Amino acid sequence: MLRLEVKRLPNYQLSAIKIVVVCFVWSRLIKQQKPKYNAQVILLHGLARTPRSMAKLARHLSQRNLRILNIGYKAVLNNYQQILDKIELQVSQWLDPNLPVHFVGHSFGGILIRGLLARHKSWDIGRCVMLGTPNQGTNTATFMLSHRWLKYFVPKVTADLTPKSQLLENLPEPEIETGIIAGNVKFSLVIPVSWYYKKATGDAPGDGVVELSNTQCSNMTDFIVMPLHHSFMTWDSDLIEQVTHFIEFGRFTDKYKPIMSERLE
């Protein structure tokens, strides 16, 4: 009867084979776990919000091979410079200098973006999208600060968001491609600020917090108005598509252009 003899490999050869296999498997895992990013995006929420308000947008952008930093901050007792200092530290520690960086800010988040851009002109800056940002201030802030009891419940930075405040007068506007989205739904039963919007602004067109004309910058690249309230716009799927389109192409889609593209005086 024919018997086959199987020679056992020496231990050192078995060890070498094991090392090769482990290295191969590990390299494959590393490639799967570390996606190649096209760029990075910093998200900044508005006052009285948290990063959760930008979570849907963050998830959508991350699916486009974008590296995301969704920053939170506390604005109740801190002034503008204190908030900006803490955000700047987080961004500096996270930023990949080999990738361009885009910005998306909701409301006060857009004002913080202006501060970051003014401090870091050397960054590889891409594009910026502002959502309901009071670039020229808002009379809603003026009204709340003058109200007999509302003034005790507003964040410290509210004074910086009044029209022609010292901060807004001295803060440079973005020098990069900037797209601005404003809303035109003035009232929401569940948002107390909008109860006073008509009285505070003289019923000016706006999103229930910020007047349309006050969202704009003099050198903005593109501007659209969407049927959204200030407080809920970041969750809107259509708005998220517009944000994504601007980051990728430097302009919004034509969906809202025929009736909304003109700059409001």
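The structure presented is a predicted model; accordingly, all values stated were derived computationally and were not measured.

Peer 1: Would you mind going over unusual backbone geometry with me for this structure?
Peer 2: Both trends apply: most residues other than glycine have a negative phi, and most peptide bonds are in trans. Of note, Asn 65 is a non-glycine position whose phi angle comes to about 60°, a positive value. Inspection of the secondary structure puts Asn 65 in the loop between α2 (55-62) and β2 (66-71). Despite not being glycine, Asp 203 has its phi angle at roughly 65°, a positive value. Mapping Asp 203 onto the fold places it in the loop between α8 (197-201) and β6 (222-226). We classify Asp 203 as partly exposed; its relative accessible area is 34%.

Peer 1: What is the right way to look at the sheet that holds strand β3 (residues 101-106) in this model?
Peer 2: The pairing of strands in a sheet happens through backbone hydrogen bonds and is either parallel or antiparallel. The parallel open sheet is built from six strands, whose spatial order is β2-β1-β3-β4-β5-β6. The open sheet terminates on both sides in strands that have one partner only, identified here as β2 and β6. Here the strands of the sheet are splayed against their neighbours by 15° on average, with no regard to which way each runs. Bridging between β3 and strand β4 (residues 125-131) involves five bridges; their strand directions are parallel. Across the sheet, residue Gly 105 finds its bridge partner in β4, namely Met 130. Across the sheet, helix α4 (residues 108-119) lies against β1 (39-44), β3 and β4, angled at about 145° from β3, the strand it touches most.

Peer 1: So what exactly am I meant to see when it comes to the confidence of the model for the chain here?
Peer 2: Caution applies to low-pLDDT regions: their predicted coordinates should not be interpreted in detail. Looking at the chain as a whole, its pLDDT mean stands at 89, while 84% of the residues score no less than 70. Segment residues 258-262 is flagged for pLDDT under 50; beyond a separation of four residues in sequence, or across chains, it makes six contacts in the model.

Peer 1: Is there a simple way to think about the nonpolar core in this case?
Peer 2: In summary, soluble globular proteins display a tendency toward joint burial of nonpolar side chains. Membership of the largest hydrophobic core comes to 39 residues, with the highest contact counts inside it found for Ile 42 and Phe 108. Beyond its immediate chain neighbours, meaning those up to four positions away, Phe 108 contacts Gly 46, Leu 47, Tyr 73, Tyr 80, Ile 83, Pro 134, Val 157 and Leu 161.

Peer 1: Just to check I follow, could you spell out the packing of α2 against helix α9 (residues 237-249) for this structure?
Peer 2: To describe two helices that pack against each other, one gives the angle between their axes and the distance between the axes. At a minimum axis distance of 10 Å, the contact between α2 and α9 shows a crossing angle of 45°. Between α2 and α9, the angle falls in the class oblique. Note on packing geometry: the crossing formed by α2 with α9 is right-handed. On α9, the residues that touch Lys 56, Leu 57, His 60 and Leu 61 of α2 are Ser 237, Ile 240, Glu 241, Val 243, Thr 244 and Ile 247.

Peer 1: Just to check I follow, could you spell out the pairing of β2 for this structure?
Peer 2: The side chains of a regular strand alternate, first on one face of the sheet and then on the other. Relative to β2, β1 runs parallel, the two being bridged by six bridges. Counterpart to Leu 44 in the pairing with β2 is Ile 71.

Rules of the game
Starting afresh in each chain, residues are numbered from 1 along the sequence in its written order. Owing to the predicted nature of the model, reporting of local features is limited to residues with pLDDT of at least 70; listing and counting of side-chain atom pairs is limited to 80 or more, with chain, interface and lining totals taken over all residues. As a rule here, side-chain values come from all non-hydrogen atoms in the structure, and water together with hydrogens is ignored. Working definition: helices are DSSP H or I runs of at least four residues, strands are E runs of at least two. Numbering for both runs from the N terminus. Buried means the residue's accessible area, taken with a 1.4 Å probe over protein chains only, is under 20% of the maximum for its type, while exposed means over 50%, and partly exposed covers the values in between. When DSSP finds two or more bridges between two strands, those strands count as paired. Fitted lines through C-alpha atoms give the axes, limited to the stretch in contact for helices. The angle between two N-to-C directions lies from 0 to 180 degrees. Residue contacts follow a heavy-atom distance rule, with two residues in contact if any of their heavy atoms lie within 4.5 Å. Each residue carries a pLDDT score, the predictor's confidence in it, ranging from 0 to 100. Each nonpolar core is a collection of buried residues, namely Ala, Val, Leu, Ile, Met, Phe, Trp, Tyr and Cys, held together in the definition by side-chain atoms within 4.5 Å. Angle categories are assigned with fixed cut-offs, so that under 35 degrees is roughly parallel, over 145 is roughly antiparallel, 65 to 115 is roughly perpendicular, and the rest are oblique. The sense of a crossing depends on the near helix, which, turned anticlockwise from the far helix by less than a right angle, makes the crossing left-handed and, turned clockwise, makes it right-handed.

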